[in-house]
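# Structural overview
The lines below spell out each chain.
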Amino acid sequence: MAPSLVLTGARVVLPGGVVDDGRVSVEGTRIVAAAAESAEVVDVSGHWLVPGFVDIHNHGGGGASFSGTPEQILTAIRTHRLHGTTTLVASTVTDEMDLLVRQAGLLSELAEQGEIAGIHFEGPFISPCRKGAHSEELLRDPDPAEVRKLIDAARGRAKMVTLAAELPGGIDSVRLLAEHGVIAAIGHTDATYEQTVEAVDAGATVATHLFNAMPPLGHRAPGPVAALLEDERVTVELINDGVHLHPAALELAFHRAGASRVAFITDAMDAAGSGDGRYLLGPLEVEVSEGVARLVEGGSIAGSTLTQDRAFQRAVTVDKLSVEDAVTALSANPARLLGLFDRVGSLEPGKDADLLLLDADFALKGVMRQGAWVIPPQLA
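Conventions and cut-offs
Residues numbered from 1 in each chain as written. Predicted model: local features only at pLDDT ≥ 70, side-chain atom pairs only at ≥ 80, totals over all residues. Heavy atoms only, no water. Helix = DSSP H or I, 4+ residues; strand = E, 2+ residues; numbered from the N terminus. Rg over C-alpha atoms; globule rule 2.2 N^0.38 Å. Buried < 20%, exposed > 50% of the residue type's maximum accessible area, 1.4 Å probe, protein only. Contact = heavy atoms within 4.5 Å. Areas by Shrake-Rupley, 256 points an atom, 1.4 Å probe, with all protein chains shown as cover. Lys, Arg positive; Asp, Glu negative; His and termini not counted. Charge placed at Lys NZ, Arg CZ, Asp CG, Glu CD. Salt bridge = Lys/Arg side-chain N within 4 Å of Asp/Glu carboxyl O. Core = buried A, V, L, I, M, F, W, Y, C linked by side-chain atoms within 4.5 Å. Phe/Tyr/Trp six-rings, centres within 6.5 Å; stacked < 30°, edge-to-face > 60°. Pairing = 2+ DSSP bridges. Right-handed = clockwise from strand over helix to strand, strands pointing away. Axes fitted to C-alpha atoms, helices over the stretch in contact; angles between N-to-C directions.

So, about the overall build of the protein chain. Helix and strand content of the protein chain: 9 helices and 21 strands. The globule rule puts the C-alpha radius of gyration for 380 residues at 21 Å, and the 20 Å found for the protein chain is close to it. Once the C-alpha set of the protein chain is aligned to its principal axes, its extents read approximately 65 × 45 × 40 Å. Looking at the protein chain as a whole, 57% of its 380 residues qualify as buried. Intrachain contacts of the protein chain at a sequence separation of at least 6 include 68% that bridge at least 24 residues. About 14900 Å² of surface is accessible on the protein chain, with carbon and sulfur atoms providing 49% of the total. Distance between charge centroids for the protein chain: 2 Å, based on 29 positive and 51 negative side chains.

A word on the pattern of salt bridges. This structure, assessed with the given rule, holds 17 salt bridges. The partner of Glu 285 in a salt bridge is Arg 278, and the shortest N-O contact between them spans 3.0 Å.

Right, let's talk about the nonpolar core for a bit. Grouped together as the largest cluster of nonpolar side chains are 92 residues, with contacts concentrated most on Leu 210, Leu 238, Phe 254, Phe 264 and Phe 312. Excluding residues within four positions of it along the chain, Phe 264 makes contact with Val 54, Leu 238, Asn 240, Leu 250, Phe 254, Gln 308, Ala 315, Leu 321, Ala 329 and Leu 330. With 15 residues, the next largest nonpolar core counts Val 12, Val 26, Val 42 and Leu 355 among its residues.

So, on to the packing of aromatic side chains. Going through the model one piece at a time under the given rule, you end up with 4 aromatic pairs. Considering the side-chain rings of Trp 48 and Phe 362, the 5.4 Å spacing of their centres and the 35 degrees angle between planes classify their relative orientation as tilted. Taken together, the residues span a long stretch of sequence, with Trp 48 in strand S5 (residues 48–51) and Phe 362 in the loop between strand S19 (355–358) and strand S20 (364–369) at a distance of 314 residues. Look at Trp 48 and you get buried, because its relative accessible area is 8%. Residue Phe 362 is classed as buried on the basis of its relative accessible area, which comes to 12%. Ring geometry for Phe 312 against Phe 362: centres 6.2 Å apart, planes inclined by 55 degrees, an arrangement best described as tilted. Separated by 50 residues along the polypeptide, Phe 312 in helix H8 (residues 308–317) and Phe 362 in the loop between S19 and S20 bring together distant segments of the chain.

A separate point is the pairing of strand S10 (residues 118–122). Most of S10 sits inside the fold, with 5 of its 5 residues counted as buried. Of the two faces of S10, the one lined by Gly 118, His 120 and Glu 122 and the one lined by Ile 119 and Phe 121 are each fully buried. As judged from the 4 bridges shared by strand S9 (residues 85–92) and S10, these two strands associate in the parallel manner. Along S10, the bridge assignment pairs Thr 92 with Phe 121. Remark: the S9/helix H2 (residues 97–112)/S10 crossover connection has right-handed handedness. With 4 bridges joining them, S10 and strand S11 (residues 158–163) adopt parallel strand pairing. Each residue of the ladder has a partner; that of Glu 122, found in S11, is Thr 162. The handedness of the S10 to S11 crossover, carried by helix H3 (residues 144–153), is right-handed.

The residue after Gly 123, namely Pro 124, is reached through a cis peptide bond having omega 15 degrees. Examined against the element boundaries, Pro 124 turns out to sit in the loop between S10 and H3. We note that His 188 has phi near 45 degrees; this positive angle belongs to a residue other than glycine. Summarising the element assignment, His 188 is placed in the loop between strand S12 (183–186) and helix H5 (193–202). Classification of His 188 as buried rests on a relative accessible area of 5%. Phi at Gln 370 takes a positive value of approximately 50 degrees, unusual for a residue other than glycine. Turning to its location among the elements, Gln 370 is positioned in the loop between S20 and strand S21 (372–375). A relative accessible area of 31% places Gln 370 in the partly exposed class.

Strand order in this open sheet of 8 strands is S6-S9-S10-S11-S12-S13-S14-S15, and the pairing throughout is parallel. Two strands in the sheet have a free side with no partner beyond their single neighbour: strand S6 (53–58) and strand S15 (262–265). Here H8 sits on the sheet in contact with S6, S9 and S15, set at roughly 110 degrees to S6.

In structure tokens, the structure reads:
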């Protein structure tokens, strides 16, 4: 068992607010109310302590993909841990069904080992009109039998499926997912406002990267954006990289949905934590230039190179969100969505010791996951 540890002097972000000159005690893998008298005490004055980030939509990083080999998957996981994501759902991209079934089996093994929190299937059940960086020839309608095939292949580790509910079988597939405790997410969709309302009534609870890969908000045809923002049952994903969303769109989403219904995601692809160059996203070639990923053919944005530490820092320094709201969007809300808030998402006794140390400028200076330092405190 890891030794007892007490971190003192930081500004600690708790569910009830910020505590100045606070302390967090760790015993083994958990946060505790009080550590043993023999605990090591580390003074982290001048820093912030926040819960580890929870990313529910992530395709890879460090030059590796969640559609790759076990070694590549672990590389991607470790890359994002180094940027503060201590709980991560691995997202797949549109591919042949047999390949997705095989990948689901591989990812479920890593979920069983505790490396990832589950699997998110983004595609192939999406609209060719809003395909983004998905291969059009591999898209298919959301036949409930096909959706069920992916759920079964994930062996209880499927957390979310993104689909276009307006396609044939879409509403029935949403109901199927809800019945099996899997999040039905509306995205890559050409749905009308009315079709989106029907999908939410059928059990959809997440908007996949709101605004992106869906019709824009219109004053006569409000489309899915209005339906997803207005419904209290829906959590909206936002990619806060300064590329996918204009700051005014992010402000609109926060103003309408409120901090309790926003989940910041990365939608990261292989280049996150790596660098510019040529990459593959599923079967499609991607060019990353100045940190922006676009398809070589067609130029569509192809995921992001975002990491959650950058999303957090941007939220509080550029978007001017409160630290508490940023923590809610990056940790608490996604943890609740996954049904994991009893274990992660806040700094409370009994929960996993997943915590981050940030300096006064909100730069990452330490990462702890389950009581072990991924990045030891950098206090100099």
